[in-house]
Amino acid sequence: MSWDFIVPVCVGDLVKTGGINQYVVQDVVPPKQLPSYISRFKSAMRIQGPLCILQHFDTGYSVLQHSNTVDLSVKEDTLELLIQVVGSLAVSLPSLLLSTSSATEHKEQLNAVKMSVFLLCKLTEAIESDSYRQNIVTAPGKAGKKGKAGGEGLLQWDSEREKVLQTLIQLLQLDIRSLWNLSLVEEEFVSCVTCCCYKLLENPTISHVKSKPTRDGVTHLLGVLIKKYSHLLGASVKVIQLLQHFEQLSCVFAQAVSVWSTEYGVRAIIGEVIREIGLKSSEELAREGSGVKAFASFLSELSSLVPELIIPNISVLITHLEGESHTMRVAVCEVLGEILVRVLCGDRLDELGKADRDRFFDTLQEHLHDTHSHVRTRVLQVYTRIVNSKALPLCRYSEVMELAVGRLMDKSINVVKSAIQLLAAFIAHNPYSCKLSSADLKLPLEKETVKLREMKAKQEGKAPVAIIKASELWAAMEPELLVTVRAALEPTSETEREEEEEEDGDVEEEKEAEDDRATAVKIAQYLRVNKYRNAVRLCIKARNCFSESEIFASLSTVTPDTLMNTLALLFKGSDEDSSTFSQNLPPTPHKEGEKEGEDGELKKQEMLVQYLRDTETFALQVERAISVINTMLYWKTTSVVQEAVQFCVTVCEFSVANSVSGVRRMLPLVWSADAAIKDAVIQAYRRLYLNPQGDTIRVKAQTLVDSLSELMVDASLGTIQCLEEIVQEFFSSGSSLQSTVVQVLWERFTGKRETSGLYRRAAVLLLGMAARGEREVVLSNLDTLCSVALGEKVTEDFLLARDVVITICSITDHVRQSKGAPFRLPQDHQLFTCLTQAIAEGVVMEDPYWQSFMEQAVRLVYFLAESPEQLCSCLLQRSARLLLDQIMEGGEVSKDAGQFQDGSQESNEQSEQVNCVCLAQLLALCGCVAFWQVSHLERSVSTELRRRRGETEEREEKEKGPANKAKQTANESSMEEELGLIGASAEDTEAELIRKICETELLAEQNLLCAFLPLLVKVCSSPGRYSHPQLTTAACLALSQYMMISPSVCEEQIRLLFTVLERSALPVVRANAIIALGDLTVRFPNILEPWTQNLYARLSDEIPSVRQTAVTVLTQLVLKDVLKVKGQVSEVAVLLIDSQPHIASLVLNFFNELAMKDNAIYNLLPDIISRLSEPERGMSAEDFNTIMKQLFSYITKERQTESLVEKLCQRFRTAKTERQWCDLAMSLSLLSMCERGFKRLQECWECYSDKLTETGVYQPLLSITARLRRGAKPQLKAQVDEFEKRLTAVHTRGLENVESPEMEEENQKEGGSTERTALRTPLPTKGRPKSKRVQAKPPISSHGDVSFVTPQRSRKSKKPVVTFSSDEEEDENDAVMAESETPKVTTPISRSSRRARLRN
């Protein structure tokens, strides 16, 4: 073979004249002749094998050239042939490569490989492009018959594509590099294959699940090319390029890179790709379309696959944390998180690993304060994963926990949600304790801290010896030792020599049993005990005995200097040793072991104290987080509320202190209109309380009852009402535990199982909740309830009796909801016998819980008894008789009840004190009966009358025959009208009947209720005589309940009730009076309307509870349109700065609701400003600004802003003090000023120009110009600048100096008179006096809005000072407001329909 096939860059290059011995296509076959040529190609393939490609290359090339025009079947046949050729080459080449074949055979095989691979790759690209175009043209679900016919041939392309990739992998895995000279594969051949791979990856569906075989094939084919064909750099560049243009390839390339680095061992590819991403500039990544999202997703996915391989290149990525792209910052933080979770975790890290870990954690903590909320969110989520994986070092728990709690205050909702999730993870995986309570940990911590302090003091007491350095001791002994050394080296007499020999013998004996180190220790001991001669002699002997020892090597020649140096070395070195010479004698092993034991105990104690201290710190942080998250339960964002609910469940499961508060606080959310929130709360309670653990149904039922009972203990009424919804949901769910739970509850209530009184009450309340779902639970056991709780022992526990009454009342819900005849029990039923006896006996007892029982009992009587008014009349008689009998027994002289009511008989002081509580209880009973009597008439009786009327009408209609029906059809229109009138007349008749009964019969002389009214008036109007707090409270409450009966009683006693409201010394009386007056306002609005100002006055009460009650009542009255919203709302606004946070919160909620009404706050603002800035009020400027800032936040419309600017400017004319000017200016500055508002401000220049010399007026107006200048258009900006210059000029030089004729001429020269018309103030005749005359004008000007001028007070007469008197002889009306104090009716309030109120 004389030619070589060169892989072309472009397909068309092969038809051009090539170089020497270069293959050129000779014949491009026309499309019509291609089928016959392909048939020849197939025959040759069967006969010649894969080398047939050398003769039939032109056929395959022709298919490529005409790929846009030839039939799909031709391309598919060609593709199949090429797959066979390449597959046959892959099979035949291994044997050829191992044999020593000729150069010609090698060239043939090489050309065959190049040609077949070239054609296969190019044809694959062409068919892939056709497939992509076909998918675009024929959208799924919209293809017609023609589209389906055109796409049939491509249905099998996915499987064919996989065959192509597998064939190429099979070929290229062989060592075909030996076919090339010097085994250097040409770059064009590799590019031909890689271009085909990257072309397949550009398919938009490549990331779908169905394309997984194609993805895997491309990945492995590229892996072979990277490993064997030097495609590493090309692959890294191509990955970056494709990521920039195809975002869906991020996960595909991440998986591919991980396969290349692990399965193919090409780890350098990770470094190359990460380096390419790291080299991207911050500005480039911040541009749109830079592929930053794909890069970020790629890094995140890659870090989850091979985090350990990213660590060597992490420094390149960390630089992006300082860049502008928040997406890259998120990705880098996620990479750090994966590394910390999967690589740099555990206790087996070396020092370098620990340093990297700490550095990465520091980086993450810094970005918890990132400027972008998305970054903060992702970092918190990364920390959540770290905590869940238990990869966070213990030393960082407190620090990260504190940062997470701080993020709860973040402005971003997503950050707050992630912070809550992180805190929940901290609690669920905390390493400290399963129960986190700082209160429980405080005592053990103090105890162990004291113990540690004692152990340290004990150890310090054992070793008080001061440490002296060896060098200091040596300096002290050196002179004497030197004399001894010199004496030892001098010649001695015979006697001295004999003594020395004896001592030497002793030294020899010691020496024989020791080595050189032991000898050195002995010498040091001699020096310490001042046996210098023995030390010197032993040192000289040791020199002779241990001549080879390093210790005595310096004594090769014995001189005073060498001997002193050796002794110094032995002494100092031994002293610096661990503990060998710390004492005169070497320490014994027993003492060493004892010391080590003491040190070990001390370390254990220190660790215990540190553990307790860390646990307490963690618990305190959790409790702080709970207090913050509990407030989020009522946010408007559903997802935040759901996270807060889940957090409350988590902390409750870990018994964190105050966790139950959050669980109870979220209970009202069961009434939420948001179904997601309601479901979250129900699921939370089901998880905490309704899914008990146990082996048997009995155990599970007991556990469930215990859990619910704990929640019921000390629960408020609101909590119990909300819990009813949860319990009802449980009993309506058809749980298998229902019957067993009810049985356990009855056992607890009846005392069959020993339990406390609290749990008995909880059990009976739970039975009542169950009865709301199935009333037979209670109705079939009425006798049991009466005998256990309402029998002879009822007076021992009125709380249990009250809860039993509440439980029985639960069955009346079904009664009221049913449309049939009402269910009522006879008067002589055991239930009413027990109730009336308990109430009557309790009147003369001083039990604090009797009144709550009495109120519920009277309510039950009116709900269930036949003729309840008769029962209650007898009850009142019996109670009054018992009280009179008690008074008689105590020495009270009274002949009958009439004398008692008139108050003509006086009791002695002692008996009056004894009976005040009993009298108060009797009056409370009277008021309760009066209230429920009215309710019974307007609800039960009225409903029964309507029901009976409806039954009568139905019966009459049935009695009518067919003839009447025909007649009715003929006169249909007139009959309908007539029937409507009849229905309306009937309803009016019923309402009038009820009203007449209330007006004439309830308080008639023959009715017992009438007998107690004078006594109530007497007690309320004579506080000096009846000063007992409980008596006063009961009397005032009962009086207000009597006033609900009829308008006449209300009109008669309204002045007395307001007197009590204003002058009573008891806060509870004032609070009760406010609530009662609120109810009376709803019932009799025309009577209460003149007294509205007195209601608002209680907003300034000195007692917080009274102020809170006043705010609550007025909020309800105003928002329900019972009271007209007037300028008195300024008194409510003052409470925005109340010292009590809960009151300020209530007021804020009031204005939030009021703002939803059209223009309500807008209409009130001018009057509120005028009232709050009055000098008599004395409000500070700071408080005024705080209130106004909140109120002006509700003004959002441009039209409202424009109008308010004009109205506030006109108020400058009527303002008399400098403080009022400043307040008005400050109010103007709080408006969101728009262009129209600014023009209005310019037009009103004359209203405030003479006030600009005041800094308090000038500065707020100047701030308006500063805000308007931001982002303003050039024309508006010029006007703002000019206006600011004018403000500054008037402020610095005065109005009279600025608005002069010379100034006018100067202005005309600068800008012309037409542009200045709107801004110029009319010239005064005399400078400054003009402003005085302006202020002296009447408040209503031609430019002002009459409706917003604060009117003068119409009633100027001073109220006479009326004080309570304790003088028993003063007249009872002296303590009541005088007639002149009683406000007159000004504007009657028309009500829509009285019968509508009666029906409700």
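Residues numbered from 1 in each chain as written. Predicted model: local features only at pLDDT ≥ 70, side-chain atom pairs only at ≥ 80, totals over all residues. Heavy atoms only, no water.

Peer 1: Would you mind going over the side chain of Glu334 with me for this structure?
Peer 2: Mapped onto the fold, Glu334 is located in helix H16 (residues 326-342). Glu334 sits in the buried class, given a relative accessible area of 14%. (Helix = DSSP H or I, 4+ residues; strand = E, 2+ residues; numbered from the N terminus. Buried < 20%, exposed > 50% of the residue type's maximum accessible area, 1.4 Å probe, protein only.)

Peer 1: Got a minute to help me understand the packing of aromatic side chains in this structure?
Peer 2: Given two aromatic rings, their pairing is described by the distance between the two centres and the angle made by the two planes. All told, the structure shown has 20 aromatic pairs when counted by the stated rule. A centroid spacing of 5.7 Å and a plane angle of 70 degrees characterise the contact between Trp1245 and Tyr1248, whose relative ring orientation is edge-to-face. On the criterion of helical spacing, the pair formed by Trp1245 and Tyr1248 is a turn pair, its members being 3 residues apart in helix H60 (residues 1245-1248). The same class applies to Trp1245 as to Tyr1248, namely buried. Of the aromatic side chains, those joined through ring pairs into one cluster are Phe1212, Phe1238, Trp1245, Tyr1248 and Phe1283. In this structure, Arg40 packs its charged tip against the face of Tyr37, placed 4.5 Å from the ring centre. Lying over the aromatic face of Trp1221, Lys1251 brings its terminal NZ or CZ to 5.2 Å of the ring centre. (Phe/Tyr/Trp six-rings, centres within 6.5 Å; stacked < 30°, edge-to-face > 60°. Lys NZ or Arg CZ within 6 Å of the ring centre and 35° of its normal.)

Peer 1: How should I be thinking about the nonpolar core in this particular structure?
Peer 2: One broad trend across soluble globular proteins is that nonpolar side chains are buried collectively. Leu790, Phe853, Phe1151 and Tyr1248 are the most contacted members of the largest nonpolar core, which has 378 residues in total. Ranked by the residues each element gives to this core, the list is headed by helix H43 (residues 909-959), at 15 residues. Contact partners of Phe1151, with chain neighbours within four places excluded, come to Val1129, Val1132, Ala1133, Leu1136, Ile1161, Leu1191 and Tyr1194. Of all hydrophobic cores here, the second largest spans 24 residues; its members include Ile523, Tyr526, Phe552 and Phe571. (Core = buried A, V, L, I, M, F, W, Y, C linked by side-chain atoms within 4.5 Å. Contact = heavy atoms within 4.5 Å.)

Peer 1: Sorry, what's going on with the environment of Val74 here?
Peer 2: Residue position: Val74 is located in helix H3 (residues 72-98). The class for Val74 is buried, based on a relative accessible area of 9%. As for Val74 and Val63, which are separated by 11 residues in sequence, their C-alpha atoms are 7.7 Å apart. The contacts of Val74, once residues within four sequence positions are left out, are Leu34, Pro35, Ile38 and Val63.

Peer 1: I'm lost on the side chain of Arg329 in this one. Help?
Peer 2: Checked against the element boundaries, Arg329 lands in helix H16. Separated by 2.8 Å, the side chains of Arg329 and Asp370 make a polar contact. (Polar contact = N/O pair within 3.5 Å; in protein donor to acceptor, adjacent residues only side chain to side chain.)

Peer 1: Would you take a moment to explain the pattern of salt bridges for this structure?
Peer 2: Side-chain pairs of opposite charge can arise whenever the charged atoms involved come near each other. Overall, the coordinates contain 35 salt bridges when judged by the stated rule. Between Arg1213 and Glu1246 there is a salt bridge; the shortest N-O distance is 2.9 Å. Of this pair, Arg1213 sits in helix H57 (residues 1198-1214) while Glu1246 sits in helix H60, and the two are 33 residues apart along the sequence. A relative accessible area of 11% places Arg1213 in the buried class. With a shortest N-O distance of 2.0 Å, Glu1284 and Arg1269 are connected by a salt bridge. Linking Glu1284 in helix H62 (residues 1274-1293) with Arg1269 in helix H61 (residues 1255-1269), this pair joins segments that are 15 residues apart in sequence. (Salt bridge = Lys/Arg side-chain N within 4 Å of Asp/Glu carboxyl O.)

Peer 1: It is not clear to me how the packing of helix H47 (residues 1029-1043) against helix H48 (residues 1047-1063) should be interpreted in this structure. Could you clarify?
Peer 2: When two helices pack together, their arrangement is captured by the angle between the axes and the distance separating the axes. Where H47 contacts H48, the axes come no closer than 9 Å and their chain directions differ by 150 degrees. Comparing their axes, H48 and H47 come out roughly antiparallel. The way H47 lies across H48 gives a crossing that is left-handed. Residues Cys1036, Leu1039, Ser1040, Tyr1042 and Met1043 of H47 form the contact with H48, whose participating residues are Val1049, Cys1050, Gln1053, Ile1054, Leu1056, Leu1057 and Val1060. Broken down by class, the residue content of the contact of H47 with H48 amounts to 10 nonpolar, 2 polar and no charged. (Axes fitted to C-alpha atoms, helices over the stretch in contact; angles between N-to-C directions. Parallel < 35°, antiparallel > 145°, perpendicular 65-115°, else oblique. Left-handed = near helix turned anticlockwise from the far one by under 90°. Nonpolar A, V, L, I, M, F, W, Y, C, P; charged D, E, K, R; others polar.)

Peer 1: Would you take a moment to explain a negative patch on the surface for this structure?
Peer 2: A grouping of Glu954, Glu956, Glu957 and Glu959 is seen on the molecular surface, where their side chains present a negatively charged patch. Within the element layout of this structure, Glu956 appears in helix H43. (Patch = residues over 30% accessible without salt bridge, like charges linked within 9 Å, V, L, I, M, F, W, Y side chains within 5 Å. Areas by Shrake-Rupley, 256 points an atom, 1.4 Å probe, with all protein chains shown as cover. Lys, Arg positive; Asp, Glu negative; His and termini not counted. Charge placed at Lys NZ, Arg CZ, Asp CG, Glu CD.)

Peer 1: Please explain helix H18 (residues 373-388) as it appears in this structure.
Peer 2: Think of an α-helix as 3.6 residues a turn; residues three or four steps apart then line up on the same face. Compared with an ideal rise of 1.5 Å per residue, which puts 16 residues at 22 Å, H18 spans 23 Å between its outermost C-alpha atoms and is within 8% of the ideal. Those residues of H18 that sit buried are Val375, Arg376, Thr377, Val379, Leu380, Val382, Tyr383, Thr384, Ile386 and Val387. The inward-facing, buried residues of H18 contact H16, helix H17 (351-366), helix H19 (397-407) and helix H20 (413-428). Backbone geometry just after H18 places Lys390 at a positive phi near 55 degrees. (Expected span 1.5 Å × (residues − 1).)

Peer 1: Even after reading the chapter, I still don't get the state of the cysteines, so can you show me in this structure?
Peer 2: When the sulfur atoms of two cysteines share a covalent bond, that bond is a disulfide. If you walk through the whole model with that rule in mind, you get 0 disulfides. With no disulfide partner, Cys195 has as its closest neighbouring cysteine sulfur the one in Cys192, 7.4 Å distant. Considering cysteine sulfurs only, Cys872 is the nearest to Cys874, which forms no disulfide, with 9.3 Å between them. (Disulfide = S-S within 2.5 Å.)

Such coordinate-based values are descriptive only and should not be taken to indicate function.
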